[in-house]
Amino acid sequence: MTIGVHFPRVLSPIVGDQLHGTIEIDERSQIRAALEQAWPGLTNHLFDSSGDMRPHVLCFVDDGADRLESDGPDIRDGSVIRFVQAVSGG
Amino acid sequence: MIAIGTAKGGYLIDDSLAIQQATLFPGWKVTAWSATDGGDLIAALASNWYGASLQRSLDRIEWTPISEVPTYPSGRDLNQIWTITRAGDLLYAGVDEAGLFSSEDGGETWGEVSPLNAWPTRDQWTPGLGGLCAHHVLTHGERVVVGISAVGVFVSDDGGSSFTKRDEGVTSIAGDGADIEAGRCVHSIVAHERDPDLIWRQDHSGVYRTRDGGRQWSRIESGLPSTFGFPIGRDRSSDRLFIVPMESDENRVSAEGLFRVFMSDDGGDSWQVSGTGWDESPSYDTVLRNAMATDGEGTVVVGTTGGNVWITRDAGDTWHRADLQLPRILSTEII
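One structure accompanies this document, and this report is about it. (Residues numbered from 1 in each chain as written. Chains lettered and ligands numbered in written order. Predicted model: local features only at pLDDT ≥ 70, side-chain atom pairs only at ≥ 80, totals over all residues.)

Quick look at the overall build of chain B now. Looking only at helices and strands, chain B features 1 helix and 28 strands. Its C-alpha atoms give chain B a radius of gyration of 18 Å, within 12% of the compact-globule value 20 Å for 335 residues. Projected onto its principal axes, the C-alpha coordinates of chain B cover approximately 50 × 50 × 35 Å. Split into buried and exposed, the 335 residues of chain B put 50% on the buried side. (Helix = DSSP H or I, 4+ residues; strand = E, 2+ residues; numbered from the N terminus. Rg over C-alpha atoms; globule rule 2.2 N^0.38 Å. Buried ≥ 20, exposed ≤ 12 C-beta atoms within 10 Å, placed from the backbone.)

In structure tokens:
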């Protein structure tokens, strides 16, 4: 299935000027690997050394907040993952 | 060209001190720069949200991410890259959480310098305000010197295969006589270009010099209004040293309410205000540890926490403040 991915502009040094794209996966557990394959080095910026999503990274899949864990809600063809600029800042 | 790293992105300014590139990497801290022999430029970025990144430019206009950043296999976090130091074909990266990595392919891939990263008392190391970080790496042949806050100075004479900790004579942050191995809060170090045993040190506890590769350190503070500060630099062409005294540990503002770089003409035996050109109006501006750069030919640049850029092109005889104000400056490099 094809999943859309959207990034905030602050991630342009990592993903380039094209702030949206797609990944192809068969199941939810493949999301992280697919992100890394599409944008090498990206997952290091989304997940910490323990494998958890970094605390201030905001992520939504379709209409729900999501930490992209393997056992999360079902994902379907055409779903969209949105990484949103953190509201914390300074 | 001067590269300026700030808490809000990077800036390149030209020899006339006009901005040529702005703002590079919006939203990211730019913590270090390194120009390679090949002419390309590496910038180290850090984000409170997205961690650390390395970026490379071949033309200083277009930037691409280096997909691999130094990574601890042990699960320690890599929060920030504090320095990228060239040693021939080798690159060293000093990082937070404190550790050292090396790259043999120009920064594309990185490996741990395990003898330092697996130091036996590593679990007793404690961070300074800026974090637990390896922030300075000096090299000369097989000599590798690493400054780690708030831990101390580590010296290798075999290219990083083994290290010894060398802080004898430096006051511990726990006070004189405290019997703890860590706790020497080195802020910055610089070595003589031809004599790697001659090293100067701006420490949390004062200003020091060693003539024997760090085995014994002695205070060199004559003429200073205060001994607390962060950067220390050296201009090869004039043999001059430069520091920026702050009021105190508790009051980290310009000493005596005036922003001044101090310099030494005699290897640190004595210090005085560096040259002329300073504002007479009160200023409480300060300089962080990686925000002083020298080119060895008389140019010294300091970037301040207030976003000011000061430059001398005659080894500290006269200073000029650039007509711009940037975000809080974290790093400078003459490229």
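Moving on, there is more to tell.
Here the focus is the overall build of chain A. Helices and strands together make up the secondary structure of chain A, namely 3 helices and 5 strands. Reading chain A from its N end, one meets helices and strands in the order β-α-β-α-α-β-β-β. Whereas a compact globule of 90 residues would reach a radius of gyration of roughly 12 Å, chain A reaches 12 Å, a difference of no more than 12%. Counting only C-alpha atoms, chain A reaches 40 × 25 × 25 Å along its principal axes. Counting only residues that meet the buried cut, chain A has 24% of its 90 residues in that class. A fraction of 44% describes how many contacts in chain A between residues 6 or more apart in sequence connect residues 24 or more apart. (Contact = placed C-beta atoms within 7 Å.)

Here we take up the environment of serine 47 of chain B. Residues and elements named next belong to chain B. Its place among the elements puts serine 47 in strand S5 (residues 41-47). Residue serine 47 is classed as buried on the basis of its 22 C-beta neighbours within 10 Å. Ignoring sequence-local partners within four residues, the contact set of serine 47 consists of Trp28 and Lys29.

Omega for the bond connecting alanine 22 of chain B with threonine 23 of chain B falls within 30 degrees of zero, at -20 degrees, which places this linkage in the cis form. Tracing the chain through its elements places threonine 23 of chain B in strand S3 (residues 19-24). The residue after aspartate 96 of chain B, namely glutamate 97 of chain B, is reached through a cis peptide bond having omega 0 degrees. Within the secondary structure, glutamate 97 of chain B is located in the loop between strand S9 (90-96) and strand S10 (99-103). Backbone geometry places aspartate 62 of chain A, a non-glycine residue, at a positive phi of 55 degrees. The phi torsion at arginine 60 of chain B lies on the positive side, around 65 degrees, for a residue other than glycine. Along the chain, the position of arginine 60 of chain B falls in the loop between strand S6 (51-57) and strand S7 (64-66).

This part is about the sheet that holds strand S3 (residues 58-61) of chain A. Residue and element names in this part refer to chain A. Read across the sheet, 5 strands follow the order S2-S1-S5-S3-S4 without closing on themselves; strand pairing throughout is mixed. Unpaired on one side and paired on the other, strand S2 (20-24) and strand S4 (64-65) mark the two borders of the sheet. Across 2 bridges, the pairing between S3 and S4 is antiparallel. The residue bridging phenylalanine 60 from the neighbouring strand is alanine 65, located in S4. (Pairing = 2+ DSSP bridges.)

The next point concerns the sheet that holds strand S18 (residues 206-210) of chain B. The antiparallel open sheet is built from 4 strands, whose spatial order is S16-S17-S18-S19 (chain B). Each having just a single partner strand, strand S16 (186-191) and strand S19 (218-219) of chain B make up the two edges of the open sheet.

It is worth spelling out the interface of chain B and chain A at this point. Tallying the contact residues gives 20 residues for chain B and 15 residues for chain A. Counting residues per element, the side of chain B that touches chain A draws most heavily on S6 of chain B, which supplies 3 residues. Looking at the side of chain B that touches chain A, its residues break down into 10 nonpolar, 7 polar and 3 charged. (Nonpolar A, V, L, I, M, F, W, Y, C, P; charged D, E, K, R; others polar.)

Within the largest apolar cluster, 91 residues are counted, with the highest numbers of intra-cluster contacts made by Ile81, Val145, Val146 and Val302 of chain B. Examining the composition of this core, we find that 6 residues originate from one element, S5 of chain B, more than from any other. Setting aside residues up to four positions removed in sequence, valine 145 of chain B forms contacts with Leu138, Val153, Val155, Ile189, Ala191, Ile199 and Gly214 of chain B. Grouped together as the second largest cluster of nonpolar side chains are 19 residues, Leu11, Ile31 and Val61 of chain A together with Trp49 of chain B included. (Core = buried A, V, L, I, M, F, W, Y, C linked by C-beta atoms within 7 Å.)

All names here are of chain B. Along strand S12 (residues 133-140), 7 of the 8 residues are buried, which leaves the element largely enclosed by surrounding structure. Pairing of S12 with strand S13 (residues 143-149), which is carried by 7 bridges, proceeds in the antiparallel orientation. Bridging across to S13, histidine 136 finds its partner in glycine 147. Connecting S12 to the antiparallel partner S13 that follows it, the hairpin turn spans 2 residues, and glycine 141 within it adopts a positive phi of roughly 60 degrees.

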